Amino acid sequence: MISLIIPTYRNPECLDICLRSAVEGQIRDDNEIIVVVDGYVDESEEVLSKYKDSIKVLRLEENQGMQMALNLGVMNATNE
């Protein structure tokens with residue numbers, strides 16, 4: 001089992017493509033998908049709501065960069 005960690009910041013189109021790929025067969029059901037929103041709320045909220053039953057969403061209050069977003073995802077992952 002694995003945990004897929006996806007940091008996102010101002011890129012809803014790519015987020016949608018990434019999540020669709022992960023949810024529709026690239027990631028097995030017993031794995032987890034963690035999306036870390038890096039302090040910026042935009043059209044990504046609409047994308048996240050489409051996949052709410054298949055993903056776990058974490059949020060940083062303000063933009064802190066990809067490394068901090070990845071670290072938050074790793075700290076909250078339950079798989080390898």
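Criteria and thresholds
Residues numbered from 1 in each chain as written. Predicted model: local features only at pLDDT ≥ 70, side-chain atom pairs only at ≥ 80, totals over all residues. Heavy atoms only, no water. 1 Å grid on protein atoms, 1.4 Å probe; cavity = no way out; pocket = protein on both sides within 12 Å on 5 of 7 lines; lining within 4 Å. Points joined across faces, edges and corners; volume = space filled by probe spheres on them. Helix = DSSP H or I, 4+ residues; strand = E, 2+ residues; numbered from the N terminus. Nonpolar A, V, L, I, M, F, W, Y, C, P; charged D, E, K, R; others polar. Salt bridge = Lys/Arg side-chain N within 4 Å of Asp/Glu carboxyl O. Buried < 20%, exposed > 50% of the residue type's maximum accessible area, 1.4 Å probe, protein only. Pairing = 2+ DSSP bridges. Axes fitted to C-alpha atoms, helices over the stretch in contact; angles between N-to-C directions. Contact = heavy atoms within 4.5 Å.

(A) Representation of the layout of surface pockets. Looking at the largest pocket, its volume works out to about 160 Å³. Secondary-structure elements contributing two or more residues to the lining of the largest pocket are strand S1 (3-8), helix H1 (12-26) and helix H3 (66-76). Of the residues contributing to the lining of the largest pocket, the split by class is eight nonpolar, three polar and one charged.

(B) Quick peek at the pattern of salt bridges. In this structure the tally under the stated criterion is three salt bridges. We note a salt bridge from aspartate 16 to arginine 20, for which the minimum N-O separation is 3.7 Å. Placement of the pair is aspartate 16 and arginine 20 together in helix H1, with a separation of four residues, close to one helical turn. Of the residues examined, aspartate 16 reaches a relative accessible area of 14% and is grouped as buried. Overall, the relative accessible area of 36% leaves arginine 20 in the partly exposed class. When the shortest N-O distance is used, the salt bridge between glutamate 45 and arginine 59 registers 2.7 Å. On the criterion of sequence distance, the pair formed by glutamate 45 in helix H2 (residues 44-50) and arginine 59 in strand S3 (residues 56-60) is long-range, its members being 14 residues apart. It is possible to trace a salt-bridge network through shared partners that takes in Asp16, Arg20 and Lys50.

(C) Geometry of the sheet that holds S1. Taken in spatial order, the three strands make up an open sheet running S1-S2-S3, and their pairing is parallel. Both outer strands of the open sheet, S1 and S3, are each paired with one neighbouring strand and no more. The average angle at which neighbouring strand axes cross in this sheet is 20°, direction not considered. As defined by bridge partners, S1 adjoins strand S2 (residues 32-38) across six bridges and the pair is classed as parallel. In the sheet register, threonine 8 faces S2, and the bridge partner there is valine 37. Relative to S3, H3 is tilted by about 135°, and along the sheet it contacts S1, S2 and S3.

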